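# A closer look at the structure
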Amino acid sequence: MNQSTNQDEQRWQAVQARDATQDGRFWYGVRSTGVYCKPSCASRQPLRRNVRFYDSAEAAERDGLRPCKRCKPRDAAGDGEAARIAAVCRHIETHAGEKLPLAELARRAALSPFHFQRRFKAIVGLSPKEYAQACRLKTLRRELRAAASVSDAIYGAGYGSGSRVYENIDSRLGMTPAEYRAGGEGVAISYASGRTPLGLVMIGATDRGICFLQFGDDEAALLDTLRAEYPAARPSAMPPAQQATFDEWMRRLGEHLEGRRPNLDLPLDTRGTAFQLEVWKYLQTIPYGELRSYTEVAAAIGRPAAVRAVARACATNTIALLIPCHRVIRGDGSLSGYRWGLARKRVLIDRERAHRGAQ
Ligand SMILES: [Zn+2]
């Protein structure tokens, strides 16, 4: 769904709800009657297919529509109580990350705190506090798509620290912030594939770094995997402008696989649950040519009992090589599994060992 369709959809919902907090933000015109209204207009509701939305009353009039006599849409941003409360809503939205004392909000609406609280709830359907929470949540959703880390997003959205707040967000988002981010909600991912000594590789990247690097047999299958990893993202073929960057990544990857570049040193955009991120972060600290057991990894991250979960986090790694899950084996020395085939794991381990000895 593109952005304007999405906005139209939200506006239509506001019209159906006769949402007074939207008065002054947009207007709707009804083609069949030649009239335009503000969102809260109490007159009979039009059919969706006859409705058009405008950003100003002037724009509606330029389109040949007359102001509705009932809701007087030209005064939508006037100084009535609903308009003042709508203005407070806008203030809350733009200051969602800050403390918003009730007294100050009431003063903005030119009402006593008690009266403001009641009138706000009557018009908006939520208390000022609930409205502020909803705005913060909305901001958080937006920030989770863009922020470098989940904690940045949480602070950016105006939540303080503390697990209570975090849990509270969980229940509202329907998943943890890390999981929300992990699905790649709304994120643009560009992808390209190329040959390496270990076979075909597809790289997917956001504007922050590589979020996908996997081996596969053909491009179509790899693209399917990319889509499955990031079901809510928007994947597209890497644009020509990024080709030079991609070529450089592939060059370094080739050198790495030939043992000439122990540290790949490429930008990463890891997305996973808090636990996965913890494991993956540790994996990146295992030196080139060294191995760890699942038990050792679990102990190293302070979760000695979570050996199986560590194995699972390795098996669900989305970024091969850059997150070197191939450096984790069973305690008895057997290779255990590898998402991209045991043969590849064997080759990677042997080559790293050989080149490490040669350095
Ligand atoms: Zn009207």
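Residues numbered from 1 in each chain as written. Predicted model: local features only at pLDDT ≥ 70, side-chain atom pairs only at ≥ 80, totals over all residues. Heavy atoms only, no water.

If you look at the biggest cluster of nonpolar residues, it comprises 40 residues, and the most contacted ones within it are Ile 203, Leu 213, Val 279, Leu 283 and Val 310. The two domains that each donate at least three residues to this core are domain 3 (188–257) and domain 4 (274–358). Formed by 18 residues, the second largest nonpolar core is a distinct cluster that contains Leu 105, Ala 106, Phe 120 and Tyr 131. (Core = buried A, V, L, I, M, F, W, Y, C linked by side-chain atoms within 4.5 Å. Buried < 20%, exposed > 50% of the residue type's maximum accessible area, 1.4 Å probe, protein only. Domains from an automatic or database assignment.)

Further remarks concern the side chain of Asn 50. Summarising the element assignment, Asn 50 is placed in the loop between β2 (35–37) and β3 (51–54). At 3.4 Å, the side chain of Asn 50 and the side chain of Ser 32 are in polar contact. When neighbours within four sequence positions are excluded, Asn 50 is seen to be in contact with Gly 29, Val 30, Arg 31 and Ser 32. (Helix = DSSP H or I, 4+ residues; strand = E, 2+ residues; numbered from the N terminus. Polar contact = N/O pair within 3.5 Å; in protein donor to acceptor, adjacent residues only side chain to side chain. Contact = heavy atoms within 4.5 Å.)

What follows is about the pairing of strand β6 (residues 199–205). Counting buried residues in β6 gives seven out of seven residues, a clear majority hidden from the surface. Hairpin connection from strand β5 (residues 188–196) to β6: two residues lie between these consecutive antiparallel strands. Judged from the six bridges that link them, β6 and strand β7 (residues 210–216) form a sheet pairing that is antiparallel. What sits directly across from Ile 203, in β7, is Leu 213. Counting the residues in the hairpin turn of β6 and β7 gives four residues, including Gly 209, whose phi is positive at 160°. (Pairing = 2+ DSSP bridges.)

If you walk across this open sheet you meet the four strands as β7-β6-β5-β8, and the pairing is mixed. Bordering the open sheet on either side are β7 and β8 (234–237), each of which pairs with just one other strand. Ignoring which end each strand starts from, the neighbouring axes of this sheet average 25° apart. Pairing of β5 with β8, which is carried by four bridges, proceeds in the parallel orientation. Residue pairing across strands places Ile 189 opposite Pro 235, the latter belonging to β8. Across the face of the sheet, helix α10 (residues 219–229) comes into contact with β5, β6, β7 and β8 while running at roughly 140° to β7. (Axes fitted to C-alpha atoms, helices over the stretch in contact; angles between N-to-C directions.)

Looking now at the sheet that holds strand β4 (residues 66–67). One key point about sheets: their strands pair by backbone hydrogen bonds, in either a parallel or an antiparallel sense. The strand order across the open sheet formed by four strands is β3-β1-β2-β4, and the pairing between neighbours is mixed. Strand pairing shows two members of the sheet lacking a second neighbour, β3 and β4, which therefore form its edges.

Once that is clear, we can look at a negative patch on the surface. Together, Asp 217, Asp 218, Glu 219 and Asp 224 make up a negatively charged patch on the protein surface. Checked against the element boundaries, Asp 224 lands in helix α10. The exposed category is assigned to Asp 224, whose relative accessible area is 52%. (Patch = residues over 30% accessible without salt bridge, like charges linked within 9 Å, V, L, I, M, F, W, Y side chains within 5 Å. Areas by Shrake-Rupley, 256 points an atom, 1.4 Å probe, with all protein chains shown as cover. Salt bridge = Lys/Arg side-chain N within 4 Å of Asp/Glu carboxyl O. Lys, Arg positive; Asp, Glu negative; His and termini not counted. Charge placed at Lys NZ, Arg CZ, Asp CG, Glu CD.)

This part takes up the coordination of the zinc ion. Protein coordination at the zinc ion comes from Cys 37 (SG), Cys 41 (SG), Cys 68 (SG) and Cys 71 (SG), with a distance range of 2.2 to 2.4 Å. If you look at the zinc ion, its four donor atoms make angles of 104 to 122° with each other, and the shape they trace is tetrahedral. Positions of the donor residues of the zinc ion, expressed as sequence spacing, correspond to C-x3-C-x26-C-x2-C. A residue pair is termed long-range when its members are at least 10 positions apart, and Cys 37 in strand β2 and Cys 71 in the loop between β4 and α3 (81–94) qualify at 34 residues. Here Cys 37 matches Cys 71 in class, with each residue buried. (Donors = N, O, S within 2.8 Å, 3.2 Å for Na, K, Ca; no water. Tetrahedral: all angles 85-135°; square planar, octahedral: opposite > 155°, others 65-115°.)

Along the chain, Arg 344 falls in helix α15 (residues 342–358). One buried charged residue, Arg 344, forms no salt bridge at all, with the nearest opposite charge on Asp 217 at 5.1 Å.

This part is about the packing of helix α12 (residues 274–283) against helix α14 (residues 307–315). At a minimum axis separation of 9 Å, α12 and α14 run at an interaxial angle of 75°. Considering the angle they form, α12 stands roughly perpendicular to α14. Of α14, the residues touching α12 (which contributes Phe 275, Gln 276, Val 279, Trp 280 and Leu 283) are Ala 309, Val 310, Ala 313 and Cys 314. Partitioned by chemical class, the residues of the contact of α12 with α14 number eight nonpolar, one polar and no charged. (Parallel < 35°, antiparallel > 145°, perpendicular 65-115°, else oblique. Nonpolar A, V, L, I, M, F, W, Y, C, P; charged D, E, K, R; others polar.)

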